[in-house]
Amino acid sequence: MLLRYIFFRTLMLIPVSISISVVIFMIVHLLPGDPIDNLIRVGSSPDDRAALVAKYGLDQPLLVQYFRWIGAMFHGDFGEAIVLRRPVADLIGQNLPYSLQLGALAFAFSSIVGIVLGTISATTRSAVVEQFVRGFILLGSTVPGFWLALLMILFFAVQLQWFPVSGAKGWESLVLPVLTIGFGGVALVARVTRVALMDVRREDFVTLLHAKGLPSRTILTRHLLPHAMLPVVTILALRIGWILGGAVTVEFVFGRPGLGSLLIRALGQRDYPVVQGCLLMLALAVMLGTLIGDVAQAAMDPRIREART
Amino acid sequence: MRYATKTMLLSGTALIAAGFLATAALAQEATIAFSSGELGATSYNPVTSSNLNSATGLIYDRLVEQDADQSYHPHLATSWEEADDGLSWTFKLKDGVTFHDGTPFNAQTVADWIPDFTGTENEYLVAAIASVEVVDDLTVKFVMSRPEPNLLYNLSSAFMGIPGQAAYDAMGDDYGVTGAVGTGPFKFDSFAIGLETVLVRNDDYAWASDLSENQGAAHLERVTFREVPDQSTAFLELKTGGIDVLLGVPTDFLEILKAESNIATIQMPGTGINYMPINVTSAPFDDIKVREAVGLAIDQDAIVASIYNGVGAAAHNFLISSLPESQVDPALEVSYDPERAKALLDEAGWVMGDGAVRMKDGVPLSVKLFTQNGTEFTALTQVVQAQIAAIGMQADITVFDSSTIRDEYKENRHQLAVRGYDWNNADILDWFFSGERLGYPNISMWNDPEGQRLNLVAMTESKNSAEREANFKAYHEYILSQHLFVPLYQPTTNIAYNKDRVTVPDPIRGTRFRSQTVLDMTVVE
Amino acid sequence: MTSMTGTAARMLAGFGTTSLGRAFGTWLGRIAGGFLILLLLTAIFAPWIAPFDYAAQDLLNGNAPPGWPHLLGTDQFGRDVLSRVIYGARTSLSVSATAIAMSVGVGMTLGAAAGYFGGFFERAVMTVVDLTWSFPDILIALIFVAIIGPGLTSTMFAIAIAYLAQFTRLTRAQIVRLKRETFIEATINLGARPRHILLKHLLPNAVAPVIVVGMLAIGDGIVLEATLGFFGLGAQPPTPSWGAMMSSGTAQLFLSPWVIIFPGVAVAVTVVAVNLFGDELIRALDIRDRIRGA
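Residues numbered from 1 in each chain as written. Chains lettered and ligands numbered in written order. Predicted model: local features only at pLDDT ≥ 70, side-chain atom pairs only at ≥ 80, totals over all residues.

1. A closer look at the overall build of chain C
Then comes step 1: Regarding its fold elements, chain C presents 14 helices and zero strands.
Then comes step 2: In chain C, the succession of α and β elements from N to C terminus is α-α-α-α-α-α-α-α-α-α-α-α-α-α.
Then comes step 3: In chain C, which comprises 294 residues, the share counted as buried stands at 52%.
Then comes step 4: Across chain C, the fraction of contacts at a sequence separation of at least 24, relative to all contacts at a separation of at least 6, is 70%. (Helix = DSSP H or I, 4+ residues; strand = E, 2+ residues; numbered from the N terminus. Buried ≥ 20, exposed ≤ 12 C-beta atoms within 10 Å, placed from the backbone. Contact = placed C-beta atoms within 7 Å.)

Shown next, in the form of structure tokens:
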């Protein structure tokens, strides 16, 4: 039953991917300007420009350009960057590891700290602790990321000089970016964990466990947390796009390479193949995340399987 | 869960310790951050690339070098001779020069290299060269299809750094990305696109130009070039020791740097102008009086004094002052004269009403003022806005990214724009004012028969440099007489370095930060 | 049309002024609500409150530290930071509130239709909406602004699109939940028309949670506006917005930190106040469970 569900959910991805590729292509070509002006320099003639436009096929009808792109895509060819002059696959390959590194660490940081904080705030009897955690969650979800990053640079990199101001060299350069992204993530995870725990606690089986005389601690770690993890896993899986692409601001402030900065640079230069490649990558990651989230839900709750297939 | 928290704390401590270690000085090394204008280079292939950075100038040598005063100096060419009719050039080459891969540099190298440009976007650099003849091992002759008084300028550009032909042919598309071979004082070591480039010393180097004091191998053993996208961040890196040298410091940062005891700055004469093109096709600027009035409203000296703290110079025409073509009739130069500006607007029918904005036929004198994002231009634009408001013209600012703003120009939706260019040759006039490039780069949208005639004469009918100079001066003066733009500011190129870590020669020779400077740099022990 | 406005009026009536009053019941609610009212008044009466013209340059008095007469100092151009923060409240609040209002309007329509009609329509709407939700709001906004050009209008649209998914999902969840409830079943059995059911019974009951979440989202909108402003894409100079004031970069933190710190504090305090008050409102309306249902 579950396998059947996964199969149909995966099959659904094909029409969705195709529509997304059309949307992405349209968006990219809606942008005002074109990449060619980034190639010409003082001294080249208007004819040179026309030749370049023809060379990259930008004078062709959009439909032709689309099918050319998507056709190459089917052969695993992401095309060649116009301004950056490298195969798009190479460029993504160079930048993706930085995004994954940052994303994975921020993900781990926000899951661990978030679940711990969420659990504390859901189980504590001390009003002070609860207010403290609540305040932390509030700050984490309201302070703008770039602002936090600037303040951390000011304090930890410039005043204390513990960490480098920018760059992507060595582990020490990861600390401040991970904290910046993680702070917002912690708030999200903590909030979801807290709510989920409080929901589960109300269920009958928990009352039963308490009645059986199990210690609260065992109930929490053996029964409550595993049940409460479902919404947490779901929300994290759904947010995979945020983890890969949402680091743009942080990458910008800390001068780090990554999928987000590649996309922004290519967007600024109208480097169509790169923008299309990055967006498609992100969209695929998002869909995969959604799939994982859905399957996780379906695996734990058979009603969803039936309802959705 | 408790275990996980503990490991995180432990690794956190390790990270902090590593941070301390990284700041410890390493011998004979320097880290240099590129200026914002040269970020994003994806290749060190000078022949095919359209975007080269300063590190390119360390890997390759050129036949000719240009100094800050625009004079030409021998480098791999020891001397040269131009035929009287301008139809051939003969270059004598330096003896004993070898590429990083051990192959020798000689006349055949040059003869093989020039045809590499065919079919590339840089072909125009050698377009006037019909063929290259090897006269003897160290003499090469360029046979020209037309006189090209600008040839030495082209030869001194970064795009004409000479690559080792064997490696160039062997590596194909990977050339310039995974490796690059030149005759320069530094060898290509590694290149991570968008991140950093590592160069190591060429120990055999003994053929420096007379622009550097050190004629042997460089003092520095290793140079790391870093891309720091944001200038503010780069400044903080310099302050905290993450980088040793910062190329291209925005002038408005100099005041901040002054407060730092460990940082020294050097100003090189700039190679460009910040200016405000005026769209002559868009009312009210189709009226030359209104165009002239806008120019007279700009107080260039106040701009230099306030935004740039007195660094750099006021611009009164379109060319940098070290170019002879910039020495135009003073009556044509654009300077501050608000009273005349107001009188001109009155003459044009734009009269002061009750408010602060002039009116004509019930229409307020309200215009669009565009600029590109980047703090440098937004600051200048806001001052320009305030200055033209003083003569009763209201301007609304829009800040665009560089691709969108070019689209706006091409669609003819602009009126005034604040921008800059970086080019130390008079042919920039052709680029920005030729009637063949309306919209962009001819943002002024100016197409005038007399202008086109003068353009053609300057671009193609000059037989030698003296004639070229006179022709471009005449073109420049005619452009000024038409009030197509307002000159604002001549920036300097500012370099900042950590003087506890390195020494940098001051003044810096040459038009740009290149091998001549790095050869003389030393590490402070 | 008249029936539409009538419905809207009933929705607001259902939302109730008494619950607003109840949100002021706790001291946290009073502080947060009081601050927001004060801020709103400041934004409305900015021209009378601001000590200086927000755009008046005084180049010789640039980067002056806080003191007299410039209580919060001046920026690079010698403009009064306090006046700019006060006017910035106007920009930031109105941009965010308008954007969220648009988002709520479209989101409610889409969500209600999807929830009510179900089937293929629902699946199509939710697929598209989920996809926009999965992309980081800043990326959506950056791309959108790149397409239609910078400025406050495009910032508004960008924010509206970025939060559209949230309201669509929430409304749909409300409608789906309400549809199962007995009084609706009763109405259907009594032979009411679908349009009537949707407008008269379902939407008014779904509106309270959506409006509360919308209020909370105004906080997020302010943050997104600030981030776009930081990238130089929001308000065009010299119009002040809190984000645009911070776009001068990290170096400014050293030369004149007040130029960046004060607008940042304004954003942080406002957004915290919005969230606290929103929380109190949720508590007062007792709709916590319904909001989570989305």
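2. Description of the overall build of chain B
Then comes step 1: Counting secondary structure elements, chain B contains 16 helices and 24 strands.
Then comes step 2: Computed over C-alpha atoms, the radius of gyration of chain B comes to 26 Å, within 12% of the 24 Å expected from 2.2 N^0.38 for 525 residues, which places it in the range of a compact globule.
Then comes step 3: Dimensions of chain B along its principal axes, counting C-alpha atoms only, are 80 × 75 × 40 Å.
Then comes step 4: Within chain B, the proportion of its 525 residues that are buried is 51%.
Then comes step 5: Taking the contacts inside chain B whose residues are at least 6 apart along the sequence as the reference set, 70% of them involve residues at least 24 apart. (Rg over C-alpha atoms; globule rule 2.2 N^0.38 Å.)

3. Points about the interface of chain A and chain C
Then comes step 1: Taken together, the contacts link 27 residues of chain A with 27 residues of chain C.
Then comes step 2: Within the residue set of the side of chain A that touches chain C, elements represented by two or more residues are α1 (2–30), α5 (127–142), α6 (145–159), α10 (240–245), α11 (248–254), α12 (259–269) and α13 (272–300) of chain A.
Then comes step 3: By residue number, the principal contributor to the side of chain A that touches chain C is α6 of chain A, which donates five residues.

4. Quick word on the interface of chain B and chain A
Then comes step 1: Listed per partner, the contact involves 40 residues of chain B and 38 residues of chain A.
Then comes step 2: Those elements that provide at least two residues to the side of chain B that touches chain A are α1 (2–22), α6 (231–240), α12 (402–410) and α13 (428–433) of chain B.
Then comes step 3: With six residues, α1 of chain B is the largest single contributor of residues to the side of chain B that touches chain A.
Then comes step 4: Its residues assigned to classes, the side of chain B that touches chain A shows 16 nonpolar, 13 polar and eleven charged. (Nonpolar A, V, L, I, M, F, W, Y, C, P; charged D, E, K, R; others polar.)

5. Details of the packing of α6 of chain A against α6 of chain B
Then comes step 1: Contact geometry for α6 of chain A and α6 of chain B: axes closest at 10 Å, N-to-C directions at 25 degrees. With respect to α6 of chain B, the element α6 of chain A is oriented roughly parallel. Here α6 of chain A contributes Ile153, Ala157 and Val158 of chain A to the contact with α6 of chain B, which in turn contributes Leu236, Lys239 and Thr240 of chain B.
Then comes step 2: Looking at side-chain class alone, the contact of α6 of chain A with α6 of chain B contains four nonpolar, one polar and one charged residues. (Axes fitted to C-alpha atoms, helices over the stretch in contact; angles between N-to-C directions. Parallel < 35°, antiparallel > 145°, perpendicular 65-115°, else oblique.)

6. A word on the confidence of the model for chain C
Atomic detail in the predicted coordinates should be set aside for any region of low pLDDT.
Residue and element names in this part refer to chain C.
Then comes step 1: Taken residue by residue, chain C gives an average pLDDT of 80. The fraction at 70 or more is 83%.
Then comes step 2: Across chain C, the element-wise mean pLDDT spans from 47 in helix α1 (residues 2–15) up to 91 in helix α5 (residues 81–117).
Then comes step 3: For the stretch residues 1–9, pLDDT sits under 50, and the model shows three contacts to residues farther than four places along the chain or on other chains.
Then comes step 4: This prediction of the complex comes with two scores: 0.81 for pTM and 0.78 for ipTM. (pLDDT = per-residue confidence, 0-100.)

7. Some details on the environment of Ala331 of chain B
Then comes step 1: Structurally, Ala331 of chain B is set in the loop between β14 (313–314) and α10 (338–347).
Then comes step 2: Each C-alpha atom, one on Ala331 of chain B and one on Glu477 of chain B, is 10.0 Å from the other, the two residues being 146 residues apart in sequence.

8. Overview of the sheet that holds strand β9 (residues 196–201) of chain B
Residues and elements named next belong to chain B.
Then comes step 1: With mixed pairing, seven strands are arranged side by side in an open sheet as β8-β9-β10-β1-β11-β22-β12. Across the chains shown, the open sheet's two edge strands, defined by having one partner strand only, are β8 (186–192) and β12 (263–269). Between one strand and the next, the sheet's axes are offset by a mean angle of 20 degrees, whatever the strand orientation.
Then comes step 2: Strands β1 (29–33), β11 (245–247), β12 and β22 (492–498) of the sheet are contacted by α6, whose axis makes an angle of about 160 degrees with β11. (Pairing = 2+ DSSP bridges.)

9. Regarding α6 of chain B
Then comes step 1: Within α6 of chain B, nine of the ten residues are buried, which leaves the element mostly enclosed by the surrounding structure.
Then comes step 2: All buried positions along α6 of chain B are accounted for by Gln231, Ser232, Thr233, Ala234, Phe235, Leu236, Glu237, Leu238 and Lys239 of chain B.
Then comes step 3: Residues of α6 of chain B that are buried in the fold lie against α6 of chain A together with β1, β11, α7 (254–258), β12 and β22 of chain B.

10. Topic: the nonpolar core
Then comes step 1: Among the nonpolar cores identified, the biggest contains 247 residues, and Cys278 of chain A, Val245, Leu246 and Ile495 of chain B together with Ala141 of chain C are the most heavily contacted of them.
Then comes step 2: Look past the residues within four positions of Val245 of chain B in its chain and what remains in contact with it is Ala30, Ile32, Ile495, Tyr497, Val502 and Val504 of chain B.
Then comes step 3: Counting residues in each nonpolar core, the second largest holds 63 residues, with Ile278, Ile307, Leu344 and Ala379 of chain B among its members. (Core = buried A, V, L, I, M, F, W, Y, C linked by C-beta atoms within 7 Å.)

11. Digging into the sheet that holds strand β13 (residues 272–277) of chain B
Residue and element names in this part refer to chain B.
Then comes step 1: One open sheet holds the six strands; their spatial order is β14-β21-β13-β20-β18-β19, and the pairing between them is mixed. On the outer flanks of this sheet lie β14 and β19 (394–400), each paired with one strand and no other.
Then comes step 2: Relative to strand β20 (residues 416–422), β13 is paired through four bridges, and the arrangement is antiparallel. Counterpart to Ile273 in the pairing with β20 is Tyr421.
Then comes step 3: Of the strands in this sheet, β18 (366–372) and β19 touch α12, which is tilted by about 140 degrees from β18.

12. Some details on the confidence of the model for chain B
Then comes step 1: Of the residues in chain B, 94% reach a pLDDT of 70 or more, and the chain-wide mean stands at 89.
Then comes step 2: Considering only residues more than four positions removed or in separate chains, one finds that residues 1–25 of chain B, a stretch of pLDDT under 50, has 18 contacts.

13. Looking at unusual backbone geometry
Then comes step 1: The peptide bond linking Ala283 of chain B to Pro284 of chain B adopts the cis configuration, its omega dihedral lying at 10 degrees.
Then comes step 2: Secondary-structure assignment places Pro284 of chain B in the loop between β13 and α8 (288–297).
Then comes step 3: Cis geometry is adopted by the peptide bond preceding Pro507 of chain B, which originates at Asp506 of chain B and carries an omega value of 0 degrees.
Then comes step 4: Among the structural elements, Pro507 of chain B can be located in the loop between β23 (502–503) and α16 (515–520).
Then comes step 5: For Arg270 of chain A, which is not glycine, the phi dihedral falls at a positive 55 degrees.
Then comes step 6: Overall, the presence of 27 C-beta atoms within 10 Å leaves Arg270 of chain A in the buried class.
Then comes step 7: The backbone of Gln70 of chain B sits at a positive phi, close to 70 degrees, despite the residue not being glycine.
Then comes step 8: Relative to the helices and strands, Gln70 of chain B resides in the loop between β2 (64–66) and β3 (72–74).

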